[in-house]
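Descriptive analysis of the structure
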Amino acid sequence: MLLNVHHASRFYGTVIGVNDLTFELPVGAYGLVGPNGAGKSTLIGMLTGALSPSLGTVRVFGSNPRTTPSNLARIGLCPASDDLNPNVIARDWIRLQLRMLGMDAVNANRRTDEVLEWVGLQHAAKHSIGSFSLGMRQRCKIAQAIAHRPDLLILDEPFNGLDPIGRLEIVELLKSWVHQGRSVLLASHVLHEVEGITDAFILIYGGRLLAIGSSGELRGMMAELPREVVIESPHAPNIAERLVAQTWVNWVRIIDDRQAIRVAVLEPLRLYQTLAHWVVHEELKVVRLQGADGDLASLFRLLVSRHRGQL
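Quantities reported herein were computed from a predicted structural model and do not represent experimental measurements. (Residues numbered from 1 in each chain as written. Predicted model: local features only at pLDDT ≥ 70, side-chain atom pairs only at ≥ 80, totals over all residues. Heavy atoms only, no water.)

Some words on the packing of aromatic side chains
- For the coordinates displayed, the defined rule picks out 0 aromatic pairs.
- One cation-aromatic arrangement involves Arg74 over Phe61; the distance from NZ or CZ to the ring centre is 3.8 Å.
- Against the face of Trp278 rests Arg242, its NZ or CZ located 5.3 Å from the ring centre. (Phe/Tyr/Trp six-rings, centres within 6.5 Å; stacked < 30°, edge-to-face > 60°. Lys NZ or Arg CZ within 6 Å of the ring centre and 35° of its normal.)

This is how it looks when you write it as structure tokens:
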């Protein structure tokens, strides 16, 4: 088992970092998704042994990371914080990490040059880290994390500071890493960034576990939760009149000069099925369906409501 977290909580005085997390993950690639402040960095701290749980247990590779220093050689970490030494040359920084892990000088030099090229920093290998832009520093952190070929690569918001080209390049690098069968835990508050790398997700909010599953399963959950939907159609008034009569519809409002409606439904799946029937059999045209807010924001809001017993 890659990770085993059992009723783990972490408190900072009266502040709860994570609250009663329980899950098991086999070897593989996972996205740890949640809004800022959800507890992602606290969980990562416990997985790397930097933090110990106030309650419960955390096991990585079957061992307590807090009391098993050898685990550190099997984990590569790209933290959200900037922990690079600005006064050190990039090549020397990566080489130092490898030498500290026991790699001989010849192989450390070769591996350093290799990973700096992978992350697109070969042109700046002999420049001091303090002269780097934010995006270059982010690339250097990723190089540091992957240099020793870890069994588990943990990345906390790795796309921060990267321009669109940089994001694409790092996504391709991480996809290649996953295709080699290596384990990855990628923490982000942006769902689509993670989807380019893995289809397996862990959602946390307010320090609590909301859901684990594939993106398809999570979107399937959304289809089963009450939500608001915007329907664009040249037949908007007709559709609105029909929907008002449905018992699973809370309310309907016509918007955008009668070319769209906003509808609140208790059973979204029935809405989608009903609209499909009308389009096929009654020649009502639907141009677009859209959630009233972003998918991730909507999913978190609805899952939290369900967790609190409000749905």
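Looking at the side chain of Ser183
- Mapped onto the secondary structure, Ser183 falls in strand 7 (residues 183–188).
- Given a relative accessible area of 2%, Ser183 falls into the buried group.
- A polar side-chain atom of Ser183 sits 3.1 Å from the main-chain amide nitrogen of Gly28.
- Setting aside anything within four residues of it in sequence, one finds Ser183 in contact with Leu2, Val27, Gly28, Asp151, Leu152, Leu153 and Trp177. (Helix = DSSP H or I, 4+ residues; strand = E, 2+ residues; numbered from the N terminus. Buried < 20%, exposed > 50% of the residue type's maximum accessible area, 1.4 Å probe, protein only. Polar contact = N/O pair within 3.5 Å; in protein donor to acceptor, adjacent residues only side chain to side chain. Contact = heavy atoms within 4.5 Å.)

What about unusual backbone geometry?
- For Phe61, which is not glycine, the phi dihedral falls at a positive 55°.
- Position of Phe61 relative to the elements: it lies in the loop between strand 4 (55–60) and strand 5 (75–78).
- Its identity is not glycine, yet Glu283 carries a phi of approximately 60°, on the positive side.
- Relative to the elements of secondary structure, Glu283 occurs in the loop between helix 9 (268–281) and strand 13 (288–291).

Description of the environment of Ala260
- You can see Ala260 is positioned in strand 12 (residues 260–265).
- Take Ala260: its relative accessible area is 1%, and that puts it in the buried class.
- For the pair Ala260 and Arg288, spaced 28 residues apart in sequence, the C-alpha to C-alpha distance is 9.2 Å.
- Leaving out residues up to four positions away in the same chain, Ala260 has contacts with Ile231, Glu232, Ser233, Ala236, Arg253, Ile254 and Ile255.

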